[in-house]
Every structure is written in C-alpha cells, then in structure tokens.
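Commentary on secondary and tertiary structure
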Amino acid sequence: MTTGTAYYLGLDLSTQQLKCTVMNDAHAIVLEEAVNFDRDLPEFGTKHGAIQNGDVVTSPTIMWVKAMDILFERLKKSSVIGNIQGISGAGQQHGSVYWSERGMKALHQLDASKTLAEQLSDGFAIDQSPIWQDASTTQECRSLENLVGGPQALADLTGSKGYERFTGNQIAKMYNTRRDAYDETKHISLVSSFIASVLLGRLAPVDSPEGSGTNLMNIQTHKWEDKLLKHCGGDSLHDKLGLEPVEGGVELGKIHPFFVERYGFHPECGIMPFTGDNSATLVSMNLKEGDCVVSLGTSDTVLVYLKQGAAKATTEAHLMAHPTDPTGFMGMLCYKNGSLTRQHIRDQYAHGDWDEFNKLLQEKSAKDCMGFYYSMQEIIPFAKGIYRFQKGQPVEEFADPSINVRAIVESQFLSMRIRLQRMTTVESKRILATGGAAANHEILKILSNVFGLPVYKQKGMNSASLGGSLLAKYGTLHGKTAFQDMMKQQQADEPELVCEPDLESTQQYAARLDEFNRLEKQVVDQQVS
Ligand code: XUL
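A brief look at the structure comes next. Values in this document were obtained by computation on a predicted structure and should not be read as measured data.

1. What to know about the sheet that holds strand S5 (residues 56-60)
Within the open sheet, the three strands sit side by side as S4-S5-S8. Their pairing is antiparallel. Of all the strands in the sheet, the pair left with one neighbour each is strand S4 (51-53) and strand S8 (128-130). Across the sheet, the mean angle from the axis of one strand to that of its neighbour is 40°, orientation sign disregarded. Pairing geometry for S5 and S8, over three bridges, is antiparallel. When the bridges of S8 are listed, Pro60 appears paired with Gln128. Packed on one face of the sheet, helix H2 (residues 61-76) meets S5 and S8 and runs near 35° to S5.

Here it is in structure tokens:
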C-alpha cells in the first residue's frame, strides 16, 4: 500500500441512510458522509427509508445499490481514498437480499465504466427486501418454535425465540408463499453481508452476530443449524446462504477491481466481515462488563456485553454472538417504537417542536398517569396501539393531554429497566447513550433517573459506522492483536458524563414498577391477534 497515513472506512446501511466514517490509525474521525434515502433518492417513494404495507415492511434493494453509487462518488473527491487499508461496516439487522443467478454473474464481472445500479438492476429475484420493521411472519415464528419444542427451546438453541423480523422466518414466508421467486434465488445475503458482497464482487459470509439475528444459527457453535434451515427453506437453503458465519478480525479478500478503477481505492484494500448496526455500536463504545448502551435511534435498543457464563437466553431479550469476543455475547433488547414514536407524540402535543417537548418534559409530572405507546407493532411486548391509564384506570386521554410527552419517555425507559434486570444478573454501573435522541439532554435526565445510573455520551453520533471503521482496522491486524489491545494502544476520547441521577426520583420510579407491569400485562392481554 502507498506510504502515508493509513485510513479505515466504516459503512453503515441503516434504515434511513447509508452513512460512512473514515478514521485514521489513531482512531480519529477524518470524514463522515451520508446518503439519505428519502431525500437523496426520492424516486423510490420511501418514508423514513421504508415502504410499509400494513405489517409488511420493505426497502427497495436497488435503492441501497444507488446509495452506494452516490456515496462512493462523493468519497472519490476526498484525498483519503487511495490510503484506505480496510473496509468493514454495519447493516440494519435481519433484512435480506435475494440474489438471482444473473445478479451473481453481474457481481463477478463488474465493469468500471458503468454504475453499480446499471449493472445490478435486474440482479435480484425480488426487488423489495424485507427489513427489520416487518411483522408479517407470526405463523412462521410459531412453526419454527414448535419444531424444536417451544419458544424457550428455540431461544436456547439460537439465542432468541421466534421473532417476525428474524431472517429465517422471512425466508420461510418466501419459501411458503413465493416459491417461484425462492427457486430463482441463487444466494441470500443479509443487509450487512450484502454490502460486503458488492465490495468483494462475490458472495460474502455473514458474521456470527448477524447469524444470531436469523433464528437459524446455533448460538454456541456459530454454525447454521441444519434442521432449522430445512424447515425454513428446504434442502436448498444451505447452498443459498452459501457460507458458514465467520468471526471478526479476519480479512475476506481484497476489494473488487471495479472500485479501484472507478473510484481510486488501493488494490490491496481489504474487505472485512460486516456486522449488524447494534454490534457495530457495541464495538465503537468498546464496552466493558457493567456498561449498558442505550441507543435511541429509529429503533431503541439496549446492549450489554455478557461474558460466557453470565449469559442466559430468555424469551424476551436477544442473546447474540459478540463481534470481537468469540466466546462472549451481546445481550440486546430491541424496541421498534423509538424515535419515530417520540416524534409522533412531539407533533401531536408539542407543535412539532423539540424545545416545547423538552419544556413539557421539565414541567410536567406524570405521577398518576401511565401510557404505552406502540404506533407500530411493538416487539417488546408484542402489542400495538396507544393505551393510557390515569390513577390505574384506562382513559381515552389524560386530563392534561400534554402529559403524554412525559409519559412516553418514562414508559419507554421503565420498560428497559425492567427487562434489563431480567436479562442479566450483572449490575450495570453506567449508561452510555447514543443515537439521534441522545442529543436531547432532557430525555437523558429521565433515563438517568429511571435507572438510577450516571449517563455518559461518546463523541460523534455515527457509532455504527465508527464501529465499522474499527472493525476494518481490526481485520487488517489478521488476529495478531486482540481487539482490546488494539483499543488500548490508542488514546481514546473517554465518554463524557452528561447526567447524574437524582436518587429520590429513582426511588419514585422504582415504586411504580409493579404498576407498570400490571398495566402492561393488561394491554398485552387485550391484543387481538
Ligand atoms: C435489532 C433490530 C434493529 C435494527 C435497526 O434486532 O431489529 O435495531 O437493527 O437497524
């Protein structure tokens, strides 16, 4: 590789944007870019990056390809491109891409005189990729659970009970209802391994954290589980997935000459396994035991690093393989109703204005009010709709409607606190907040009070793509240096303390946990399937 500073590129194909972060050898961020799907690619008609048809939620696969064309065109103008040593990154978890034979051929023969979109436009057996917001595979989930002896048995085997968005159940739905398209599919990628495949010019394997988001991988051995594959996609699914999941810290191969000729990447630039957005976030924060990440993005997620022995699969949380510790785990809670639902409440009760929303958060107390806000079909718990209770009684609306602002934020964090305690016996010592809404100090104050823990924030907002650039560097070390050691060699910016809890308020929240559980159960029990 040419002499000069070494750079590492992290990409993040998230729900709403394709982002990238370039960092140097000292882990300092030198460049960030983003292509926003709704804004930059309006011809696809997505809303927040997706197309929703009831419970079916998809994104156009070729939109992602076009976003890559745009992003690389922008990167070409920067001076760093020829010194990028490695590329890794993240994808929104669970989403899947269905390559046709034609698509695989086009991928092998990418021609630098044309765009990626021109060459891959008819490369997919279906043109809409199911994404993580989809909730249309309940039947397939129950069927997979029944195969192995119930939800807990599936969680023991794969780390999670059957979840609608998990790729195995999405594949099963296609196998059951669109057999022609299924048969036309040569290979299936996840969103993460899809980008890696494009960069390599051939099928890339998923990494083990991504395998954990499929309901198809054995969470202990990190291998595809044959009986689950057969059940979801018949005898051909193993071939369609192509390769067993891999661990981080390896190089999959060099970048395809297409990117060298068209954009000026160095021919020795290595492509490393891509991971999920949540595991990439965990990497970017270099999580230690006792750290708890609360990521407030399109989805809200809670992430913890669990060492072997401290991790137990449950039917409420996800146990996933760890991106840099092959014997460790990432514990995760995922809520679908995150930022978009808070925004919805802001629009309804605070004139669409965050300052007004924050003022209401400060001024209003929700003491005798509790609300459950599931604009979209929620994952934890499996419920939909908006439910309000005042003095323990169901009400259409609170006597003071502006209390909804406080009630939604409290309710989201109370749920996290309860579920985190059920997931692990390891006591959390601090919260690391990330995601768009982590910029809102009033929201973080409530988070800190509900958990009774200090809240810290990392510099920089694009944690998943930063995690990708760290994984890119980790891969260039070819397993000769442990991830922790790589991180120790650099002067990292310590996360900044942004809130300390008011413990009196924490006690008041603790006193409301039983009521929260009781009312939430009432909401769940009244769901009609
Ligand atoms: C995690 C999940 C979401 C997506 C969002 O299981 O479904 O957090 O990864 O990008």
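Here the narrative resumes, following the displayed structure.
2. Comments concerning the pairing of strand S9 (residues 185-190)
Across the six residues of S9, five count as buried, placing the element largely inside the fold. As defined by bridge partners, strand S7 (residues 96-100) adjoins S9 across five bridges and the pair is classed as antiparallel. What sits directly across from Ser96, in S9, is Leu190.

3. What to know about helix H22 (residues 513-525)
It helps to recall that an α-helix has 3.6 residues per turn; residues three or four apart then point in one direction. Between the first and last C-alpha of H22 there are 18 Å, a value that for 13 residues agrees with the 18 Å anticipated at 1.5 Å per step. Taken residue by residue, H22 has Leu513, Phe516, Leu519, Glu520 and Val523 as its buried positions. All buried residues of H22 lie within an arc of 130° about the axis, which places them on one face of the element. Of the exposed residues in H22, the ones pointing more than 90 degrees away from its buried face are Asp514, Lys521 and Asp525. Contacts made by the buried residues of H22 are with strand S17 (369-374), strand S18 (385-390), helix H17 (403-423) and helix H21 (503-510).

4. Details of the sheet that holds strand S15 (residues 318-321)
Read across the open sheet, the seven strands follow the order S15-S16-S14-S13-S20-S21-S22; overall the sheet is mixed. Each edge of the sheet is formed by a strand with only one pairing partner; in this case those strands are S15 and strand S22 (496-499). Across the sheet, the mean angle from the axis of one strand to that of its neighbour is 30°, orientation sign disregarded. Contacts from helix H14 (residues 277-284) reach strand S13 (291-296), strand S14 (300-306), strand S16 (329-335) and strand S20 (430-434) within the one sheet, and its direction differs from that of S14 by about 60°. Across the face of the sheet, helix H18 (residues 441-451) comes into contact with S13, S20, strand S21 (455-457) and S22 while running at roughly 85° to S22.

The rules we used
- Once a new chain begins, its residue numbering starts again from 1 and follows that chain's sequence as written.
- Given that this is a predicted model, residues contribute local features only at a pLDDT of at least 70 and side-chain atom pairs are listed and counted only at 80 or more, while totals for whole chains, interfaces and linings are drawn from all residues.
- Only heavy atoms go into the side-chain values, all of them from the structure, while hydrogens and water stay out.
- At least two DSSP bridges between two strands are needed for those strands to be called paired.
- Under the DSSP-based scheme used, a helix requires at least four consecutive residues in state H or I and a strand at least two consecutive residues in state E, with every element numbered from the N terminus.
- Lines fitted to the C-alpha atoms define the axes, with helices restricted to the stretch that makes contact. Angles between their N-to-C directions range from 0 to 180 degrees.
- Should any heavy atoms of two residues lie within 4.5 Å, those residues are considered in contact.
- The classification of residues rests on relative accessible area computed with a 1.4 Å probe and restricted to protein chains. Under 20% of the type maximum is buried, over 50% is exposed, and intermediate values are partly exposed.
- A helix is expected to reach a length of 1.5 Å times the quantity of its residues less one.
- Regarding the arc, it is the one traced by the directions from the helix axis to the C-beta atoms.

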